[in-house]
Amino acid sequence: EDYYSFVSGHTLVASATSLVLASQINNVIAKGVFYSLGILTGISRMYSDDHWLSDVVLGGALAAAVTHSALAWNKEKKQSQSLGVDLRIFPYKNGITLNLRW
């Protein structure tokens, strides 16, 4: 277990959650609270000697990259729906179904 710490999963999840929640509001103070929760999670993991700084930084960076990509994709999807085009994929046991509505 001493060598299974890369990347910090706790920091990754806390940072991703904080980024998503902060993106949904326009209050600067609330955004600061959300961001600090993600940062404090990383600090607590280092303080308890469960992770190194590199583990925490990479966990936060990975969370930021994935979260910003997902938010951009979601925004683009909402814009395409306003144009009247919608593509949905439904996985089933024996295959998948693609629905395109316009």
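The structure contained in this document is the topic of the report that follows. (Residues numbered from 1 in each chain as written. Predicted model: local features only at pLDDT ≥ 70, side-chain atom pairs only at ≥ 80, totals over all residues. Heavy atoms only, no water.)

### Considerations on the side chain of Thr 67
Short version of the rule: To qualify as a helix, a DSSP run of H or I must reach at least 4 residues; to qualify as a strand, a run of E must reach at least 2; elements of each kind are numbered from the N terminus. The cut-offs for exposure are 20% and 50% of the maximum accessible area for each residue type, with area from a 1.4 Å probe on protein chains only; residues under the lower value are buried, those over the upper are exposed, and the others partly exposed. Note on contacts: a residue pair qualifies if any of its non-hydrogen atoms lie within 4.5 Å across the two residues.
Mapped onto the fold, Thr 67 is located in helix 3 (residues 53-82). Judged by its relative accessible area of 6%, Thr 67 falls in the buried class. Not counting the four nearest positions on each side in its chain, Thr 67 is found in contact with Ala 16, Leu 19 and Val 20.

### Remarks on the pattern of salt bridges
Convention followed: We define a salt bridge as a contact between a side-chain nitrogen of Lys or Arg and a carboxyl oxygen of Asp or Glu at a distance within 4 Å.
On inspection of all chains with the given rule, the structure shows 1 salt bridge. Where Asp 50 meets Arg 45, a salt bridge forms, and the shortest distance between an N and an O atom there is 3.3 Å. Taking relative accessible area as the criterion, Arg 45 reaches 18% and is therefore assigned buried.

### Quick word on the packing of helix 1 (residues 9-23) against helix 2 (residues 28-47)
Under the convention used in this document: Between N-to-C directions, angles cover 0 to 180 degrees, with each direction set by a line fitted to C-alpha atoms, over the stretch in contact for helices. By definition in this entry, angles of less than 35 degrees are roughly parallel, angles greater than 145 are roughly antiparallel, angles of 65 to 115 are roughly perpendicular, and the rest are oblique. Each residue gets one of three labels, nonpolar for Ala, Val, Leu, Ile, Met, Phe, Trp, Tyr, Cys and Pro, charged for Asp, Glu, Lys and Arg, and polar for the others, Gly among them.
One way to put it is that helix 1 packs onto helix 2 with a least axis distance of 8 Å and a crossing angle of 175 degrees. In terms of axis orientation, helix 1 runs roughly antiparallel to helix 2. Residues His 10, Thr 11, Ala 14, Ser 15, Ser 18, Leu 19, Leu 21 and Ala 22 of helix 1 form the contact with helix 2, whose participating residues are Lys 31, Phe 34, Tyr 35, Leu 37, Gly 38, Thr 41, Gly 42 and Arg 45. Tallied by class, the residues present in the contact of helix 1 with helix 2 amount to 7 nonpolar, 7 polar and 2 charged.

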